[in-house]
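Residues per chain are reported as follows:
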There are 2 protein chains.
Amino acid sequence: MNLYKIFAVVAMMTLTVSNGTQAQQKAEFTLQDVIPGGKNYFKFVPKNMSGLKWWGDVCIRTEAKNIISIDVKNGKEKTLVTLDEVNEALINGEKPYNISYGIRPLQSLMYASMPWHDRKVVTFIQDSDSKKSQKYMIWYDFAQKKIVNMFCLQGENPTNLDFCKENGYMAYTVGNNLYVANKGDYSKMINPVLTGSDNCNDKNGLVYGQSVHRNEFGIYKGTFWSPKGNFLAFYRMDQTMVTDYPQVNTTTRTATLEPDKYPMAGMTSHKVNVGVYDVRSEKTIYLKTTDPTDRYFTNISWSPDEKEIYVIEVNRDQDYAQLIRYDAETGDMIGILYEESHPKYVEPQKPIVFLPWDDSKFIYQSQRDGFNHLYLFDTNKPKEVTLDLIEGMDKYKEYFEVKQLTKGEWLVQDILGFNVQKKEIIIASTEISPLQTNIFSININNGKRTLIGKEDGNHRAQLSESGKYIIDSFNSFSVAREISILPVNGKKGSNIFSATDPMTDKFNMPEITLGTIKAADGKTDLYYRLIKPVDFDPNKKYPAIIYVYGGPHAQLIHNTRFYDARGWDLYMAQKGYVMLTVDSRGSDNRGRDFENCTFRQLGVEEMKDQVEGAKMLQSLPYVDAEKIGVHGWSFGGFMTTNLMLSYPEIFKVGVAGGPVIDWEYYEVMYGERYMDTPQSNPEGYKRSNLKLKAGNLKGRLMIIHGGMDPTCVPQHSYTFLRACINAGTHPDFFIYPESGHNMIGAERVHLHEHITRYFDDFLK
Amino acid sequence: MNLYKIFAVVAMMTLTVSNGTQAQQKAEFTLQDVIPGGKNYFKFVPKNMSGLKWWGDVCIRTEAKNIISIDVKNGKEKTLVTLDEVNEALINGEKPYNISYGIRPLQSLMYASMPWHDRKVVTFIQDSDSKKSQKYMIWYDFAQKKIVNMFCLQGENPTNLDFCKENGYMAYTVGNNLYVANKGDYSKMINPVLTGSDNCNDKNGLVYGQSVHRNEFGIYKGTFWSPKGNFLAFYRMDQTMVTDYPQVNTTTRTATLEPDKYPMAGMTSHKVNVGVYDVRSEKTIYLKTTDPTDRYFTNISWSPDEKEIYVIEVNRDQDYAQLIRYDAETGDMIGILYEESHPKYVEPQKPIVFLPWDDSKFIYQSQRDGFNHLYLFDTNKPKEVTLDLIEGMDKYKEYFEVKQLTKGEWLVQDILGFNVQKKEIIIASTEISPLQTNIFSININNGKRTLIGKEDGNHRAQLSESGKYIIDSFNSFSVAREISILPVNGKKGSNIFSATDPMTDKFNMPEITLGTIKAADGKTDLYYRLIKPVDFDPNKKYPAIIYVYGGPHAQLIHNTRFYDARGWDLYMAQKGYVMLTVDSRGSDNRGRDFENCTFRQLGVEEMKDQVEGAKMLQSLPYVDAEKIGVHGWSFGGFMTTNLMLSYPEIFKVGVAGGPVIDWEYYEVMYGERYMDTPQSNPEGYKRSNLKLKAGNLKGRLMIIHGGMDPTCVPQHSYTFLRACINAGTHPDFFIYPESGHNMIGAERVHLHEHITRYFDDFLK
């Protein structure tokens, strides 16, 4: 599907957006109704059917009191297990293991699992009933109606739980230590005992079994069970050489230091190793990688036979990735399978996946042709390595024969799994529209793609064990929620849940429009979302606010409920503001070159595009061109501050939350990907250093920061205030003490009251 | 002089206040003109003659290029020393000691001293010219025109310099170490080498030779030379057991922790010892005091024969003080000379002073009769100790015969010294008016007091070596500045400097009025200062702002230039605000009971009095009663926040700087004097805990804090924000990162721009 088709789809959607012409006597919503964390928030989001998951090929739904099976053919429900029977067995029944404390009755089956399709067993975690608050992994057999296994997860507050259904072991971490447990009270600590000197402060010296590299490169966990459960690969991170960022908690009697290892751009970073624990021998080896200094070990995966481990390794410059194979028993490097480089950056985010029916073939994902696509490697067919050059100066080396499985100006977002019988890969992709995720099956032999589910909307899916069915959940601008069980052959399945939107039912909603404008480059189409004030009067002049993000990995506009407009945007429209959002160049799901045009100069191109949005606003007859505001958080806080300082003639009032002020203060992994280091790109860092523009402030700018923000450390905002003070300018400022990068819960309502008041004070 | 006379004086002043009836075509002043740190600030303060000091009984003036003598009889000037001759000797002349680096030429003689009345010697500190930046004490003989002595103050950044003219030694500190030096490159470190374990962090573990007890009890230094220079008494403070407050400096590459030992009310405090270093033997002993845990060692002084040391020791409750005599050679306690207690608190602030003509008699200062007065102890006349009770439940024990030297409803502020020939004590007191300091001599035999200098104004004085003359400098509401050399016999001396006020010369000034209102107790008179807007129009309704402090040890109104009105008050009057300040009960210079009515409930009585001021404002026909604002810093920030939360119907806009929010976060010495501990006064702490009133916020309140405020730690403001967030209220906030308790220099102008903008935004 080419770009033309994409925009045709969008044009179609543009015609169907207006739902704001309701009767005007409806009630007004409050921030408590529309902000996550607000008192009535859940009353006004479309109802959902939660707890859906697969038990083999049986769709089940876990809820508080029951686990229910849902017939994939007709959606009929049947109760499999009740909370009462679980608690009867748990409290009164015979148990395979005597613990010295009792077990608390289970409150809900919501988080229970059914790992084995061939066993009528429900697993869950439950606390002991004593003050010891020991946690237990418990297996309940609903055929035998008894507890068939339980074991203790020793240690205080076990986290990062990773259960292996092949061997029945739980891997988990306590503090910085890594454990496995599978029997009674015995837990095995895998790492050596951490001493004071391993921990240059108590919390953060050596870390085992946790996510590393600050969750970049698709990393989200630190343990990796082998396919048959005989080995556990895990991350070990040495942070002792990393500078502490001194976070301060003021809620204690005297404020206390809570230092956080935070490697800043250009500074010394942590070192990562990959360990392999042998469950039977209880021995650990480490992969014999090259020097882990300034090297990222990403996307760990196992060969199906458990003999090999694959790691995608990236250099500190992030312009060079290698897929490397290691011997899982010895840790020896076996060889390089693939290499890829790009003059800007490469960013592997998905581990390789072996075809379940052919151990010699795996799928590698790469955006080397400009869009993330699937490449099938045949390890039976090594080839002589030559240096191939493709468009854009990027290079790659393939050490085996490779077949590109997907291609086009759209991108594969995820591999959900396989339909083994049909030799199909099930993927999520943007093929229908960059504003959507849809599910497709791909025939591995002929490449034919089949859409699963409706074309409309943004889909999330879970694939059944055999790969024959998905649970498909979607919503779109016109559909509040629809959940179906669908066969992967593209045929019709059974709808099991639909919901309407309680907001549109109850409130007088603003008109929301989707459209495109040209980027500042004069050729790229950018999506925008425009919200007119409730009770719109075309003869009035309204103030307008741009809600902006603008950074990589995010996209603010989808074909979803309200086109992703957040509650605050709707609320401001109700208060009489025109609200605009533009997904400028640099943002997600539009391909490599759309994103990386911002390389080494974050903010510059993105701002030009946002200014195009602002100019469009100013051209609207009902917008007061002198009253353009801007608000954003994180990268959007950087954008907001930057826009206020770079285009003060356009932007009069801004609220910047958790802003990046100087990329020198941002962390190594994310920051250097886009900006390189301060040493190698001084000009770029200078151009994006907002402290140097502090003297440009003319309008009203409020900076808001979480007092213990671990992502964008408070140093950003404090140094900006200092720069403004020195320059004689007057930003406003607010801090949410002890809060992190985002305000959540009731505090999020307070935040949006605060933001709203600021615009009301100075923009209205 | 009784209270009636005091108010009669005030009434007289009230009649003379109006100087605002100038022509209206004059220029307007800016914050740069009137805020200390502003670009033109020094252009608009009355000129001064600085560098005045005594050389024996010769008045000298040190300026950049010369040291000049001033004839005490007729004010005639004569150059004694020139900078050129000093530098000729310093750079080219023979020196008694060869240093490996050169010495930088001296830039100014401003900070030079002439310690010996019988030697033509000028002393000063100068740096070496190398990168080593070594400091030297240098003596220049202007009779011989050569450097007659110089020695090095070893170590980086020597501070707390304390020169002993009797022995020629300099005591000083480097880091936490105490040194003495008097020859060449040799410095003697008096304390044992501090090891890591002495310093639980590098900066603040064990501290030698520095001020202790957070500068309370009149303590401002940590070294005390004996009268003949044979011994050096010094403080040693062990802070290892004190909690660190985690201050963070965000100006470094990654923000860095700069912990500060900060004992909070009710928590473990530091321990102080007093050491005595014998210059000849180079040995140190420590006074054998009782357990220094929770004990304050204040007001150290020596007996004239150097055999004894006197310490006024105060218990942690601060309701019991003992004057104790120790043997300086052995450290043994010799005995108690005096004890004083009070159900609220005692607060010794001045060391005892021996009569220069009689080693057996010393003066003790006490406010035991309600006002600080002088008591002459005769150590030759021990008496049987009985427990005497006087009014107000306070108690004292005198172990010697004591004669009260001064008495009355006014207070002695300082002893400047003695006129030995006439057996007179020279003091500063509030006898003329509580709004003034005047200088008096007191005949020790008949108690007769003689006013030295004019009755009008606030006087500062330096006494000559013999005690026959003072350099008197004063200003008042009607006199911008006047400096005279006066004989202490009350006769006329010679005026050596007068200045007019450049503000009133150049600008259209507001009318400033002084007056009194009744305190909320219905009987106490309180002074107020009222400033009307420039170009006042009685038919207009103006917004009004109360500038408040309200805490002990401060008084905002004196008979000085503009009655102490600050530049910002004048500036706001120029912008069209009515400005009021009231010195409420609890403030300084009105005696013990006026101050201590706030005991154990800071804020309560003070606020009632400020509300009286606000009501007066609201009763004025030209004040908009709905537009009353309030601003204050530190204790005044506490008052501002408290007034906004306690009287929201009166106060609509407030700016609170560096506020105390919860006395639990304030330090032990100051805080517990007025509030006792949180453990012993939970109700009082609760009543003054502004977090508990966070939900009352109705108007607009901006909190401002120095990011590294070491006095009122940032925890106050952060926890208040948190309380407001939880209560759903919306204060505004600003922080001056890395700033301390007060903003100084250019930043002070920025601060007042920020404060002004806030009132303009929301009160105007």
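On a predicted model such as this, the values are computed, not experimentally measured, just so you know.

*Asks:* Lay out the overall build of chain A with the relevant residues and their values.
*Replies:* Within chain A, the secondary structure is distributed over 12 helices and 44 strands. Taking 2.2 N^0.38 as the reference for a compact globule, 764 residues should give roughly 27 Å; the C-alpha atoms of chain A span a radius of gyration of 27 Å, in line with that estimate. For chain A, the spread of C-alpha atoms along the three principal axes comes to 75 × 65 × 60 Å. Residues classed as buried in chain A amount to 62% of the 764 residues present. In chain A, the proportion of contacts linking residues at least 24 apart, taken out of those at least 6 apart, comes to 61%. Taken as a whole, chain A presents about 29,000 Å² of accessible surface, with 49% of it coming from carbon and sulfur. Computed over 87 positive and 93 negative side-chain charges, the separation of the two mean positions in chain A equals 3 Å.

*Asks:* I'd love a proper account of the interface of chain A and chain B, names of residues and values included.
*Replies:* Facing the 45 residues of chain A at the interface are 45 residues of chain B. Summed over both partners, the interface of chain A with chain B comes to about 3,800 Å²; 56% of that surface belongs to carbon and sulfur atoms. Counting every contact that joins chain A to chain B gives 8 salt bridges. Across the pair B:Arg253 and A:Glu664 runs a salt bridge, and its minimum N-O distance is 3.8 Å. The interface formed by chain A and chain B includes 33 residue pairs in polar contact (both at pLDDT 80 or more).

*Asks:* Kindly report on helix 3 (residues 83–92) of chain B, identifying the contributing residues and their values.
*Replies:* Looking only at helix 3 of chain B, the buried set comprises B:Leu83, B:Glu85, B:Val86, B:Asn87, B:Ala89 and B:Leu90. Summarising the contacts, the buried residues of helix 3 of chain B are in contact with strand 4 (77–82), strand 5 (121–127), strand 6 (135–141) and strand 7 (146–153) of chain B.

*Asks:* I'd like a description of the pattern of salt bridges, backed by residues and values.
*Replies:* Residues and elements named next belong to chain A. Overall, the coordinates contain 86 salt bridges over all chains when judged by the stated rule. The salt bridge involving Lys288 is made with Asp332; its shortest N-O contact spans 3.0 Å. Of the two residues, Lys288 is situated in the loop between strand 18 (284–286) and strand 19 (295–302) and Asp332 in the loop between strand 21 (320–327) and strand 22 (333–341); the sequence distance between them amounts to 44 residues. For Lys288, a relative accessible area of 48% gives the class partly exposed. Owing to a relative accessible area of 34%, Asp332 belongs among the partly exposed residues under this scheme. Measuring nitrogen to oxygen at the nearest pair gives 2.9 Å for the salt bridge that ties Glu398 to Lys383.

*Asks:* Please give an account of the sheet that holds strand 29 (residues 412–419) of chain A that cites residues and values.
*Replies:* Residues and elements named next belong to chain A. The 4 strands lie next to each other as 29-30-31-32, forming an open sheet whose pairing is antiparallel. Each of the sheet's edge strands pairs with one partner strand only, and the pair in question is strand 29 and strand 32 (449–452). Pairs of neighbouring strands in the sheet enclose a mean axial angle of 30°, with direction left out of account. In this structure, strand 30 (residues 424–429) lies alongside strand 31 (residues 438–443), joined through 6 bridges in antiparallel fashion. From the neighbouring strand, Ile426 faces strand 31, where its bridge partner is Ser441.

*Asks:* Can you tell me about the relation of the copies chain A and chain B, naming the residues and giving the values?
*Replies:* Aligned on chain B, chain A shows an RMSD of 0.1 Å; the corresponding rotation is 180° and the shift along the axis is 0.1 Å. Read as a symmetry element, the transformation amounts to a two-fold axis. Ranked by how close their C-alpha atoms come to the rotation axis, the residues of chain A are headed by A:Phe733, at 3.0 Å.

*Asks:* Give me the confidence of the model for chain A: which residues, what numbers.
*Replies:* Do not read the predicted coordinates in detail wherever pLDDT is low. Residue and element names in this part refer to chain A. On average, residues of chain A score 93 in pLDDT, and 94% of them are at 70 or above. Confidence drops under pLDDT 50 across residues 1–24; counting only partners more than four residues distant or on other chains, this segment forms 47 contacts. In the predicted assembly, ipTM is 0.94 and pTM is 0.94.

*Asks:* Run through the environment of B:Asp327, naming residues and quoting values.
*Replies:* Residue and element names in this part refer to chain B. Within the element layout of this structure, Asp327 appears in strand 21 (residues 320–327). According to the relative accessible area criterion, Asp327 is partly exposed, its value standing at 23%. For Asp327 and Tyr310, which are 17 residues apart along the polypeptide, the C-alpha to C-alpha distance reads 9.1 Å. The residues touching Asp327, leaving out its near neighbours within four places in the chain, are Leu287, Lys307, Asp332 and Ile334. Polar contacts involving the side chain of Asp327 include one to the main-chain amide nitrogen of Glu329, which spans 2.7 Å.

*Asks:* Residues and numbers for the sheet that holds strand 35 (residues 481–487) of chain B, please.
*Replies:* All names here are of chain B. The sheet built from 4 strands is open, its strands ordered 33-34-35-36 with antiparallel pairing. Each edge of the open sheet carries a strand with a single partner, namely strand 33 (458–463) and strand 36 (494–499). The sheet shows a mean angle of 15° between the axes of neighbouring strands, taken without regard to direction. Sheet topology places strand 35 next to strand 36; 5 bridges connect them, and they run antiparallel.

*Asks:* Describe the packing of helix 5 (residues 567–574) of chain B against helix 12 (residues 746–762) of chain B, and please don't skip the residues or the numbers.
*Replies:* Residues and elements named next belong to chain B. Running from amino to carboxyl end, helix 5 crosses helix 12 at an angle of 35°, the nearest separation of the two axes being 12 Å. Pair helix 5 / helix 12 crosses with right-handed handedness. Within the contact between the two elements, helix 5 uses Trp568, Tyr571 and Met572 and helix 12 uses His752, Ile755, Thr756 and Phe759. When its residues are assigned to classes, the contact of helix 5 with helix 12 shows 5 nonpolar, 2 polar and no charged.

*Asks:* Explain the pairing of strand 43 (residues 700–706) of chain A to me, using residue names and the numbers behind them.
*Replies:* Residues and elements named next belong to chain A. Among the 7 residues that make up strand 43, 7 are buried, leaving the element largely enclosed by the rest of the structure. Every second residue of strand 43 is oriented toward a common face, with Arg700, Met702, Ile704 and Gly706 on one face and Leu701, Ile703 and His705 on the other, all of them buried. Relative to strand 43, strand 42 (residues 651–657) runs parallel, the two being bridged by 5 bridges. Counterpart to Val653 in the pairing with strand 43 is Arg700. Two elements, strand 43 and strand 44 (residues 732–736), share 5 bridges in a ladder whose sense is parallel. Bridge pairing in strand 44 places Ile703 opposite Phe733.

*Asks:* Just give me the short version of empty space enclosed by the protein, but keep the residues and values in it.
*Replies:* One pass over the full model with this rule turns up 3 cavities of 30 Å³ or more. Quantified by volume, the largest cavity comes out at close to 300 Å³. What lines the largest cavity is a set of 23 residues, and nearest its centre among them are A:Val248, A:Tyr718, B:Val248, B:Gly707 and B:Tyr718. Contributing elements (two or more residues each) for the lining of the largest cavity: strand 15 (244–249) of chain A together with strand 15 (244–249) of chain B. Residues of the lining of the largest cavity, tallied by class, amount to 15 nonpolar, 6 polar and 2 charged. For the second largest cavity, the calculated volume is near 100 Å³. Lining the second largest cavity are 14 residues, with A:Asp732, A:Tyr758, A:Phe762, B:Arg700 and B:Asp732 sitting closest to its centre.

*Asks:* I'd like a rundown of the packing of aromatic side chains, residues and numbers included.
*Replies:* Residue and element names in this part refer to chain B. Under the defined criterion, the tally for this structure stands at 85 aromatic pairs over all chains. Taking 5.7 Å as the distance between ring centres and 25° as the angle between the ring planes, the aromatic pair formed by Phe536 and Tyr542 counts as stacked. Measuring from ring centre to ring centre gives 6.2 Å for Trp663 and Tyr670, while their planes differ by 15°; the resulting arrangement is stacked. The two residues Trp663 and Tyr670 agree in class, both being buried.

*Asks:* Run through a positive patch on the surface, naming residues and quoting values.
*Replies:* Taken together, A:Lys73, A:Lys422, A:Lys468 and A:Lys491 make up a surface patch of like positive charges. With respect to the helices and strands, A:Lys468 occurs in the loop between strand 33 (458–463) and strand 34 (469–475).

*Asks:* Tell me about the environment of A:Gly576, and name the residues and values.
*Replies:* Mapped onto the elements of the fold, A:Gly576 is located in the loop between helix 5 (567–574) and strand 40 (578–582). A sequence separation of 34 residues divides A:Gly576 from A:Tyr542, and the C-alpha atoms of the two residues are 6.7 Å apart.

*Asks:* Talk me through the environment of B:Gly591; I want residue IDs and the actual numbers.
*Replies:* All names here are of chain B. Here Gly591 lies in the loop between strand 40 (578–582) and helix 6 (592–596). The spacing of Gly591 and Asp414 is 177 residues in sequence and 15 Å in space, taken between C-alpha atoms. Not counting residues within four places of it along the chain, the set of residues in contact with Gly591 comprises Gln367, Gly370, Phe371 and Leu411.

*Asks:* Explain the packing of helix 7 (residues 604–619) of chain A against helix 8 (residues 635–646) of chain A to me, using residue names and the numbers behind them.
*Replies:* Residues and elements named next belong to chain A. Viewed as axis vectors pointing N to C, helix 7 and helix 8 meet at an angle of 70°, and their least axial separation amounts to 10 Å. Here helix 8 runs roughly perpendicular to helix 7, going by the angle between their axes. Facing Glu606, Met607, Gln610 and Val611 of helix 7, the residues of helix 8 in contact are Phe635, Met639, Asn642, Leu643 and Ser646. Looking at side-chain class alone, the contact of helix 7 with helix 8 contains 5 nonpolar, 3 polar and 1 charged residues.

About the criteria used
- Residues numbered from 1 in each chain as written.
- Chains lettered and ligands numbered in written order.
- Predicted model: local features only at pLDDT ≥ 70, side-chain atom pairs only at ≥ 80, totals over all residues.
- Heavy atoms only, no water.
- Helix = DSSP H or I, 4+ residues; strand = E, 2+ residues; numbered from the N terminus.
- Rg over C-alpha atoms; globule rule 2.2 N^0.38 Å.
- Buried < 20%, exposed > 50% of the residue type's maximum accessible area, 1.4 Å probe, protein only.
- Contact = heavy atoms within 4.5 Å.
- Areas by Shrake-Rupley, 256 points an atom, 1.4 Å probe, with all protein chains shown as cover.
- Lys, Arg positive; Asp, Glu negative; His and termini not counted.
- Charge placed at Lys NZ, Arg CZ, Asp CG, Glu CD.
- Buried area = accessible area lost by both parts, 1.4 Å probe.
- Salt bridge = Lys/Arg side-chain N within 4 Å of Asp/Glu carboxyl O.
- Polar contact = N/O pair within 3.5 Å; in protein donor to acceptor, adjacent residues only side chain to side chain.
- Pairing = 2+ DSSP bridges.
- Axes fitted to C-alpha atoms, helices over the stretch in contact; angles between N-to-C directions.
- Least-squares fit on C-alpha atoms with pLDDT ≥ 70 in both.
- pLDDT = per-residue confidence, 0-100.
- Left-handed = near helix turned anticlockwise from the far one by under 90°.
- Nonpolar A, V, L, I, M, F, W, Y, C, P; charged D, E, K, R; others polar.
- 1 Å grid on protein atoms, 1.4 Å probe; cavity = no way out; pocket = protein on both sides within 12 Å on 5 of 7 lines; lining within 4 Å.
- Points joined across faces, edges and corners; volume = space filled by probe spheres on them.
- Phe/Tyr/Trp six-rings, centres within 6.5 Å; stacked < 30°, edge-to-face > 60°.
- Patch = residues over 30% accessible without salt bridge, like charges linked within 9 Å, V, L, I, M, F, W, Y side chains within 5 Å.
- Parallel < 35°, antiparallel > 145°, perpendicular 65-115°, else oblique.

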